[in-house]
Each structure stands twice: as structure tokens, then as C-alpha cells.
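Topology and contacts: notes
Residues per chain are reported as follows:
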Amino acid sequence: MAGRINDDDVKVVRDAVPIDTVVSEYLQLRPAGGGNMKGLCPFHDEKSPSFQVSPSKGLFHCFGCQEGGDTIAFVMKIDHLSFSETVERLAAKAGITLRYEEGGYNPTHQRGERIRLVEAHKAAADFYVEQLGGEEAAIGRKFLAERGFDQSAAEHFGVGYSPAGWDHLTRFLRGKGFSDKELLLAGLSQDGRRGPIDRFRGRLMWPIRDISGEVVGFGARKLRDDDNGPKYLNTPDTAIYKKSQVLYGVDLAKKDIAKASRAVVVEGYTDVMACHLAGITTAIATCGTAFGTDHIKILRRLLMDNGSARVIFTFDGDAAGQKAALRAFEDDQKFAAETYIAIAPDGMDPCELRLNKGDAAVQDLVEPRTPLFEFAIRQIVSRYDLETPAGRASALDEAGPIVARIKNGASQHEVAVQLAGILGILDTQFVVKRVAQMARWARDRGGRGPAGPASSSPSSSASSSSYASGQSPALSGPALNLRSPAHRTERELLKLALQRPELVSPAFDAYGVDEFTAPPYAAVRRAVEDAGGAEQGMASAPEYLAGVREAAPNDAVRALVTELAVEVFHGKTIDESYAGEQLVRVRLRAVDLRIHDVTSTLARLGTGADHERHQAVQNELWVLQQYRQSLRNSGAAAL
């Protein structure tokens, strides 16, 4: 049985791998103020970045979907790993050797399934690369050379060769300690009559890496006429490879895509190679499937949907390429980026273009020429006879709904004007109004969807009971009225206690849980108390925050702790004066509430009450009133 990873080693791993470095492997991050970074959340669809990372605290939090946690939690969530698998992966990146309790360390048995499959793919990739230099692979080297790729190009992209025998790779990986079950699960082997055999045989091999750079699959190109298989054979969907969620070359292109706010989508592995070698290092390709929604999600996180972002599709000029372009346009509105299409005049793909006309021709190809919407409209319109009124009307009826799908009103109007010009309809306003009418009809048919955030928030009482009972709320996020000055101030004070404890200690630790009127905030205050108080945070911020999150009674409170630990402050200058204001406001609110309660008690007692009891209540009221006045006059000095 696998041993438990030593707690001290887990802490070392958590501290050794910066969270912003890890998160940046999956999405583009930009400064968000206060030392934080922001990006588009990888866990839900959003148009503007609400995902924040705090490098100094080692935490992330999404203010949209409420996901949050530390580096380990992020990797677990995004790559669907167990806790131990995540720690092992991060430890390997940081060069840290882990210690295991409850027995010795056996790499074969200690590794989780996903890590074992990734390791098998890495070993297979190395094996294939080595085979490319052999005598049998001469046909593969010839294939590459004929397309303008030398040995250094093959090495840069990790291109290899799978031997033509039945089980060369299978036997090699068995010798590395991998079981037949693991090889079948990885899609590297398949069942044969006498046991597992190699899935890929006698083919040129391209390793397919995920966005973090790990090999998760292969694309295999047929080389011989006696190979009865398809021209390209890809790894089947496995636990680590989903073709609809992988982009070939994204590991090499992601930094330049983020830097240039531009991505070039091509059709094949050799096209990616040609583009990169020609200087178009933002080129990526799908892996045997159409460009779809999951691919868009990957690109949007890298582009961050800023106003200057561009996505350029290059498709063959044949009928299949035109069909692929129209299919891409179906998802065009899921981008906030401008989308274009680039087709070489002779219908050549980027690989052929580079071979025939050189790198400059490839560079010129991907300079945006035709907006994708215009290309799609022209393809539709070309099927009609625009010389006749009936033909123009029919073309408008088919192309109009496409323009009507454009969500931005100004863009929709502009494209409608262009459509009128393409159709040859002189009455431009007629086309604009017709498209607007189609857009209204589409909205009416589709309905207006669920109610907005205000009506979907759980009630305060429901949220209070969930936090108090230790259960997660029905909907994500606390039910707090942030328009309430009291709630806003309590939130700001808790943010100070978590992010800048030196500004509020030791005064904060003297505040009672009941001084926080919102139940979720009271729960966070209790977690800080149970973790040893805010003073603990003056020594080590990451350890202190980890302690508070650990002390939280449930996931809802834990998520709120993370959220408050990364949220930007409302004040412009965060110093002792600002912290003092928040301390005083929360205390004043608590004193006011207590004065209200005592006054009510005094009124209920009336004049016939026990004299000592009446006097005691009156004394308490007087003391509270004096304290309130002192707080108002002296501020934080009166605390």
C-alpha cells in the first residue's frame, strides 16, 4: 500500500513552487494591483478576468465561480489529480525528493494513474526519437526532408519513428516497469491475439503535449503503401488525452500567443512546424478534430480577450477547407478577439507554401486579410444569383441570421452595411433593419434566460444556516449585502487581518466573533481565532493563511478565506491609519448594536423593576455611550 507523503515535504513543495509560475502554464496573467495577478478563469466561462492570483500568499481565487486555494489545489482541480499525484508532480518539477510514511518508497506503486500514464508517454516519446535515427526510419527522414524539415527541426518538435514490428515499444516500456494494463490505458498498446501489441507501427510520430508541456498523446503519419490504416492515426481518448481539449504546439506557442495577443490556427502538424520555422511562433493546430468550444477556451485564456487580440485561421482553399472555415465561424461569437481567415492564392497549406516560396510567403500569408465573418458571408452568398431580386432576397434570408448573431450592436450594424454592399442592395437601411429584426426574433425564441445575480442569490437566512451548520451553501458565494456599510467594513477588516495582519494586530484579536454581523464573516473571524489569531500572520504569511484555511469549518468558509486573502483593498493607501478606520467602524457598529439592546432592556424593565438591576443596566448604558463618544473623538487610540 502506498505510504503517506511526509507533511514537512508537502510544505516544502508548496513553498518551493510559486503559484503564479504554475498558473501561468495554463493562462495569461496580468497585474491586478496590490501585488496580485489576474486572468480569465480556467474553471468557468467568463468575458472579463475575475480570476486572481496572489504570489505573496500562494493563493488563487475566482470571484466569479468561487474556486480558490493554494498551488496544490489549483493543479488538483485543473488536471483532475489526487492530492498525492499533485504533490509528486510539483515535487518532480522542483527537484524535491519526497519521503513517505508507513513504509518505503516504491515508485511503481506510489505513483498515481495519471502520473504513470504521463511517464509512459514521456518514455515512449524518447523511444520514438531514438528510433528516427535508425536504418528502418530512413523513409521517415525522407518524408521530413521532402517537406523542408532537417534534423534540428525534428529534434525541436520531438518528431520520432515507431518501428514496424508488432511490439517493439510494448517490450521497451515493460522493461521500464510499466504494466500491460498501464500501456493499454495509455493508448500506447492495443490488444492482440497473444497479448498487447504496439498501437503505432511503421509511422512518423509527433508527440502531442498539453499546455503544461507534458506528452499526453501522439499523432502518427502513414509512410508506406502497404499500411492499410488511415493517413493520420491519433491516440484514442484516454484519462490524460481528449482530442477536443488539446492543441498541438500550444506548449511552444503559449508565451508568444500571450505576448502578441495573436494565435494562428493551422490544420496539421507539418503546418505548425512550417509556421514556427518561418517565424510564426504563435501557430497551433487541432489533433484530428474540428476546432471547437474547448479549443476556444484554451485560446481565450491565453489571449485574455483584450481588444487587440486576433485569431487567424488558415485553411486549404478546397471545399473541405471552406467547410472548415464555416464551421469555425459557427463559434466565432465565443471569442472576444477579432477572427480572420487566410488562404494562400494557390490553395497551398503553410507547409507547401514554405517549401515552394520560402519563409517570407508564410509570414505574408498570416497577415490578416479577410475577416472570418466576411469570408463566411461571401461563401453563403456565392450560392445565389445576385443578378435577380429573388436571388438577393434569398441570400439575405440565409446570411442575415448569421450577422444577427453578432452580439455587439455597433459591430452588427457595421457588418449589416457590408452585407448590403456584398448583396448589391442599394437600400442599406433596409438590410440593417432586417438584420436587427432577425436578432430580436432570435432573442425572443431563445428567451432571456435565468434571472440576474440579484434574484439568484440565496437568502441571508439560508446562507447563515449553511455556514453555521458546516454545510456548503446551495449556491456559490456568501449571501452578503455588500451595499450595507457594516458588511463592507467587516469585509475590509477581515481582508486586513488576512493580508496585512501587522496593521491590525493586536487589536483585531481582541474583537469578539459577535462583532461581525454577517454570519459568513463571523465564521472567518472564528477561523482566524482558531488558527491562533492575526498576530500569527506577522511571522509567516503563507503558513498563517494555510492555518486559517485549515481551521475553517467547511469548504464554504474555506473558499471565503481564500477570496478575502486575495481581494484588492478599496482604499488607495493601505496603512495604519486606514486599518484604524476599519477597526473603529466595526467596533462602533458593535457598540451601537449593544446600546440598542441595552436601551430596549431598560425600557422593558420600566420604573417598577428591581432598583439594583435597573441601576446596573443604566450604568452599562452610560459606559457604552461614553465609549462610543471616545471612539468617535479619538478613533483607533480609544480601542
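Let us look at the structure shown here.

The rules behind each value
- Residue positions are counted from 1 within each chain, in the order its sequence is given.
- Whole-chain, interface and lining totals are the exception, using all residues; otherwise, since this is a predicted model, local features are given only for residues with pLDDT of at least 70 and side-chain atom pairs are given and counted only at 80 or more.
- Values reported for side chains reflect all heavy atoms of the structure, with hydrogen atoms and water molecules removed beforehand.
- Here, any two strands with at least 2 DSSP bridges between them count as paired.
- Each helix is a run of H or I in the DSSP string that is no shorter than four residues. Each strand is a run of E no shorter than two, and both are numbered from the N terminus.
- In this description, contact between two residues means that some pair of their heavy atoms is separated by no more than 4.5 Å.
- Axis angles are defined between N-to-C directions and span 0 to 180 degrees, where every axis is a line fitted to C-alpha atoms and, for a helix, only to the segment in contact.
- Whether a residue is buried, partly exposed or exposed follows from its accessible area with a 1.4 Å probe, protein chains only, as a fraction of its type maximum: under 20%, in between, or over 50%, in that order.
- Just to be clear on terms, a salt bridge is a Lys or Arg side-chain nitrogen sitting within 4 Å of an Asp or Glu carboxyl oxygen.
- Throughout this description, any angle smaller than 35 degrees is read as roughly parallel, any larger than 145 degrees as roughly antiparallel, any in the 65 to 115 degree range as roughly perpendicular, and the remainder as oblique.
- Should the near helix be turned counterclockwise from the far one by less than a right angle, the crossing is left-handed, whereas a clockwise turn marks it as right-handed.

This part takes up the sheet that holds strand β14 (residues 283-286). Taking strand neighbours across the sheet as the criterion, the 6 strands line up as β12-β14-β13-β15-β16-β17 in an open arrangement whose pairing is mixed. If you trace the sheet from one side to the other, it starts and ends with β12 (247-248) and β17 (370-371), each paired once. Sheet analysis places β12 next to β14, joined by 2 bridges and oriented antiparallel. Paired with L247 across the bridge in β14 is T286. Here helix α11 (residues 250-260) sits on the sheet in contact with β12, β13 (262-266) and β14, set at roughly 125° to β14.

As for its placement among the helices and strands, T314 is situated in strand β15 (residues 310-314). Given a relative accessible area of 4%, T314 falls into the buried group. Between the alpha carbons of T314 and A285 there is a distance of 10.0 Å; along the sequence they are 29 residues apart. Setting aside chain neighbours within four positions, we find T314 in contact with V264, V265, V266, E267, A342, P350, L365 and V366.

With that settled, consider the pattern of salt bridges. The tally for this structure, following the rule as stated, stands at 36 salt bridges. Here E374 and R378 are joined by a salt bridge, their closest N and O atoms 3.2 Å apart. Highlighted residues: E374 and R378, both in helix α17 (residues 372-381), separated by 4 residues, approximately one helical turn. By relative accessible area, E374 is classed as buried at 18%.

Quick look at the environment of G148 now. Relative to the assigned elements, G148 resides in the loop between α7 (138-146) and α8 (151-157). Sequence separation between G148 and T270 is 122 residues; the distance between their C-alpha atoms is 9.7 Å. Discounting residues that sit within four places of it in the chain, G148 has contacts with R354 and L355.

A word on the packing of helix α26 (residues 541-551) against helix α27 (residues 555-566). One way to put it is that α26 packs onto α27 with a least axis distance of 8 Å and a crossing angle of 150°. In terms of orientation, α26 lies roughly antiparallel with respect to α27. When the axes of α26 and α27 are compared, the crossing they make is right-handed. Residues L545, V548 and R549 of α26 form the contact with α27, whose own contacting residues are R558, V561, T562 and A565.

These values are about where atoms sit, not about what they do.
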